[in-house]
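Per-entry structural report
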Amino acid sequence: AQGKIPLVQKWAITLSEQINAIASKYSGAALLQKKLKDVEPIIRIEDVDGARLVLDFAEEIERMLGSKMKSVKRLADTAEDADLYHEYNASLQFDYFNALLVNTMDEEGNFIELGGEFPLEENEHFNKLSVNTLMSDIQVPTNVYNKDPNILNGVYMSEALNDIFINNFQKDPTLTWQYFGSSSGFFRLYPGIKWTPDANGVVSFDCRNRNWYIQAATSPKDIVIVVDVSGSMKGLKMTIAKHTINTILDTLGENDFVNVIAYTDYVRYVEPCFKGTLVQADLDNREHFKLLIEELHVKGEAKVKKAMKESFRILARANGQGSLCNQAIMLITDGAMEDFQSVFEEFNWPDKKVRVFTYLIGRDMTFSENVKWIACNNKGYYTHISTLADVQENVMEYLHVLSRPMVINHDHDIIWTEAYMDSVLFKSKAHSLLLMTSVAMPVFSKKKETLSHGILLGVVGTDVPLLEVMKLAPRYKLGAHGYAFLITNNGYILAHPDLRPLYSDGKKLKPKPNYNSVDLSEAEWEDTEDSLRTAMVKGETGTLSLDVRAAVDKGKRPLFLKNEYFYTTINETPFSFGMVLTRGHGQYMFFGNVSVEEGLHDLQQPDLSIADEWTYCETDIDPHHRKLTQLQAVVRYLTGKEPDLECDEILLQQVLFDAVVTAPLEAYWTALTLTSAFLGTRSGLMRVIRYAGSEKRVGKKFLTPVDKENLFTVDHFPIWYRMAAENKPGQFFFYVPHDDINKGDVNCYLVDNNGFIMVSKEKGDVSTSYTSVTLYDYQAMCKNAHHHTSGARPLLSVLKMYPYFETYRFLLEFNICGLWHNDYVVDAHRQKKVELMQPCNTEYPGFMYDTSIRETNSIIKCGRCQKMFVLQQVPNSNLVMLVVQADCDCLLNSFEHNATVKCNRMKSQKIRRRPESCHAYHPHENAKDCGGACGIAVSLTLYFICLGTSLALR
């Protein structure tokens, strides 16, 4: 092998000459540089004022979100007025459009009851769904009778909202879904749609379970759920109790805090990690509790007194850490032998700051009076749950009780939810997944005769796609590496280019369990002191400079950048906005001036496209513009065919200039008959020429619409653009698209260099040519801890597929990437067994080539065998050539899941900004209304439907 070294050097020099000659000839770089030199007199460069820009962006976002809030306020005012003048009629007969039944006919061709003719038309603005923009319709869950007097009166009263829905949409055409969720269970949605049930014919969607409803209906709360797991709770009782706990958990959000304890003759925490404290009720923690609750088993004798005392102690210790608002204990049991007055005298009376809600499980009413007494003497509510079908309605009662002080005070708090991922139309049709936030407002009864009862009529709201919000911070103003982001008052990410809410589960993409509780510190992990997060959570305006290791290309390529962070608050919301400019490319704006006529000609050439995710012209305001692509809209605006379009004049001027300057390349490339050639500019313009030719072309997905990583998107510039921007000026950057990795020879080209370096620690080996860069991923998904397989396949293990001792050559980028880090799954090994994935934090290496080392060679010792390798820098490029013998296998150990790290993360209490309002008490509250009705009567058919659905969910 030693004799091969001069040959490798010769190969590298020859390769350098050939690839640079090819790149120079076929790229047309010299022609483009000459054209830029010719137009230099009309070019100007301006500094970007980040401090001013962040305020401008925030003002635009405030204006947009403020418009949504005004729409919701109009809905709330109209609903309250309609109720004020509506007299309840127990015998009311009223036909309405039921979303499940509309356009449904019987065998004789007649529309069925509540299912009349309801015109629907496909609408671009509403995700190409068929909707009726002239009318709303009503969705009712399967477990609610659709002709119940309360439903009929509520639907009749809320008909007044139809005109307001339409009027709001006319005033603000960017509005999406508008709705009214009634406390009685029906859901009025505009525009009207045809609702699709699940595979079992069940409509499980209940608006009262949605985060926007719960947050608007109540103030933040600290909840301790206490469940009886004694022997008497066996069988159906335990099934009902678990369903009750899960339903309570579903009513909590990130501004709430919770814990769950189980008791028999002793008290135990469902999650021992959370002993003695409350944890934030974010999605991650709620789902974690649900998994643990499924494992509860009954045994022993019930001793509720110890559990109640422990619950009060938890809430007492929560002062300063929890919500600092409502506090409640949820007692779930099949009976209480006494009323435990002594416990309440010690911990809760006379102020009764902690409400106690009791849920009597099962048909046995022997000890019901004690269970009711506990609730009624602690400002709570008592319910009896004897079937699974009873759970939903009975759990909802506690929300009505907690809302009383707010309703009596008539405090209309507008709330904004955390980010959530929902299929369009609330899972009625899974057309697409979008990250959304909702703005909502409670609707109260203003009737004087019921004022002390604090009657909540429901909640009105509208959805806001976060993608549309982030378009208000245009990418072209932020540069190649710049970006914008939004966070909540809890420090959780609403929008960020590094937020990865989905993971790969086989062939399907699924939401991660913690997708909407990813903290800013987990994306901006270089901010080790949490300085940025703390300032933003506090609602401050300011700047911060950080040296960062940015991981691009799905985390495999490290970039060293100097970032300037600019941040401010979004007034009247719980959100804070931040943006990043990178020193160098992000500090300046490039302007050129050409005529519209000249630019239009070049803009309409077949090889040219612009970033369709960017907003050059606003196409969503006028319905007639919604089918236009961005390029079509730009052309129609510039030609005067659509003068009413709202367009970004600065961006249009930039893209016209880029079209003119790059125009000569089309003819140049065409004359060369290339396989493919492409370029991109800061204005989002791309020119791409492809020739299939007689040979099979590789990289078929490269630069196609599915190849988001290599296109201009709302979140980022293409990977090749970002990498080239950091390359040595005047030198070509050679890039292998991710689409080509693991295909044929390319498999060896990139996949396992990380492993190769990590295997050998001897002085003089290949690792001396690279600098190890530690990177972190706080959004990884790992397999369960009991599986220990390799997290990376080193280069040597890949070579075992080739004949023994055969020598291979590889071209390796200076900026090494491999399968050590996978975007969705840390473990890259194929396994036959299907394993549960869970969120985890990972640390992994990236490597930067030391360009001062032109060549190196050594032997890698690997167990009982060894390998000789030669590594040679390819001059005037970002490539190295590697020659290695393939004769033995080396494997690395994977990361192991650390339960302690997970525990600490889940119960961590970082700085957060609590909601400004709290409604926990009102002197006129009617606390005597504390329940006592028996379980809700349901038909046997409905019972078995709900039972089947519950078991299916389990």
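Figured I'd write up the structure that's included with this text. If you're wondering where the values come from, they're calculated on a predicted model, not measured in any experiment. (Residues numbered from 1 in each chain as written. Predicted model: local features only at pLDDT ≥ 70, side-chain atom pairs only at ≥ 80, totals over all residues. Heavy atoms only, no water.)

A look at unusual backbone geometry
Here is the rule: A run of H or I in DSSP becomes a helix once it reaches four residues, and a run of E becomes a strand once it reaches two; helices and strands are each numbered from the N terminus.
In this chain, Y190 is followed by P191 through a cis amide linkage whose omega measures -5 degrees. Examined against the element boundaries, P191 turns out to sit in the loop between β6 (187–190) and α6 (211–217). A cis geometry characterises the amide bond from W349 onward to P350, with omega recorded as 0 degrees. Phi angles above zero are rare outside glycine, and L324 is one such case at about 55 degrees. Looking at where L324 falls in the secondary structure, it is placed in the loop between α9 (304–317) and β11 (326–333). Of note in the backbone geometry, E572 takes a positive phi value of approximately 65 degrees without being a glycine.

Let's talk about the pattern of salt bridges
Just so we agree on the cut-off: Each salt bridge in this description consists of a side-chain nitrogen of Lys or Arg and a carboxyl oxygen of Asp or Glu lying within 4 Å of one another. Relative accessibility under 20% of the residue-type maximum defines a buried residue, over 50% an exposed one, and the middle range a partly exposed one, all with a 1.4 Å probe and only protein chains included.
Within the structure shown, the criterion is met by 34 salt bridges. Between E46 and R44 there is a salt bridge, with the nearest N and O atoms lying 2.8 Å from each other. A salt bridge links E642 to R636, with the nearest nitrogen and oxygen atoms 3.4 Å apart. The partly exposed category is assigned to R636, whose relative accessible area is 31%. A single salt-bridge network, built from bridges that share partners, covers R355, R404, E925 and D929.

A word on the sheet that holds strand β26 (residues 608–610)
Put simply, the rule is: Strand pairing is defined by DSSP finding a minimum of two bridges between the two strands. In this analysis, axes come from line fits to C-alpha atoms, helices being fitted only over the stretch in contact, and the angle between any two N-to-C directions falls in the range 0 to 180 degrees. Contacts between residues were defined by any pair of non-hydrogen atoms, one from each residue, lying within 4.5 Å.
Taking strand neighbours across the sheet as the criterion, the three strands line up as β26-β30-β29 in an open arrangement whose pairing is antiparallel. Among the strands making up the open sheet, the edge pair consists of β26 and β29 (676–680). Taken over all neighbouring pairs, the strand axes of this sheet differ in orientation by 20 degrees on average, direction set aside. Relative to strand β30 (residues 685–690), helix α18 (residues 649–662) is tilted by about 35 degrees, and along the sheet it contacts β26, β29 and β30. Packed onto the sheet, helix α19 (residues 664–672) meets β29 and β30 and runs at close to 15 degrees relative to β30.

Considerations on the sheet that holds strand β19 (residues 493–495)
Taking strand neighbours across the sheet as the criterion, the five strands line up as β19-β18-β24-β23-β22 in an open arrangement whose pairing is antiparallel. Each of the sheet's edge strands pairs with one partner strand only, and the pair in question is β19 and β22 (542–552). Across the sheet, the mean angle from the axis of one strand to that of its neighbour is 35 degrees, orientation sign disregarded.

Remarks on the nonpolar core
The condition is simple: Side-chain atoms within 4.5 Å link the members of a nonpolar core, which is a set of buried Ala, Val, Leu, Ile, Met, Phe, Trp, Tyr and Cys residues.
Residues Y96, F485, F577, M579 and Y616 are the most contacted members of the largest nonpolar core, which totals 143 residues. With twelve residues, helix α3 (residues 50–84) is the largest single contributor of residues to this core. Those residues in contact with Y96, other than ones at most four positions away along the chain, are L114, I138, V140, N146, I151, L152 and V155. Ranked by size, the runner-up nonpolar core spans 42 residues in total, among them I214, V270, M330 and M906.

Digging into the state of the cysteines
Our working definition: Here, the term disulfide refers to a pair of cysteine sulfur atoms separated by no more than 2.5 Å.
All told, the structure shown has four disulfides when counted by the stated rule. Disulfide pairing places C325 opposite C918 at an S-S distance of 2.0 Å. Residues C325 and C918 share a disulfide whose torsion about the S-S bond is about 100 degrees; that sign makes it right-handed. Here C918 lies in the loop between α24 (899–907) and α25 (940–953) and C325 lies in the loop between α9 and β11, a separation of 593 residues in the sequence. By relative accessible area, which is 38% here, C918 ends up partly exposed.

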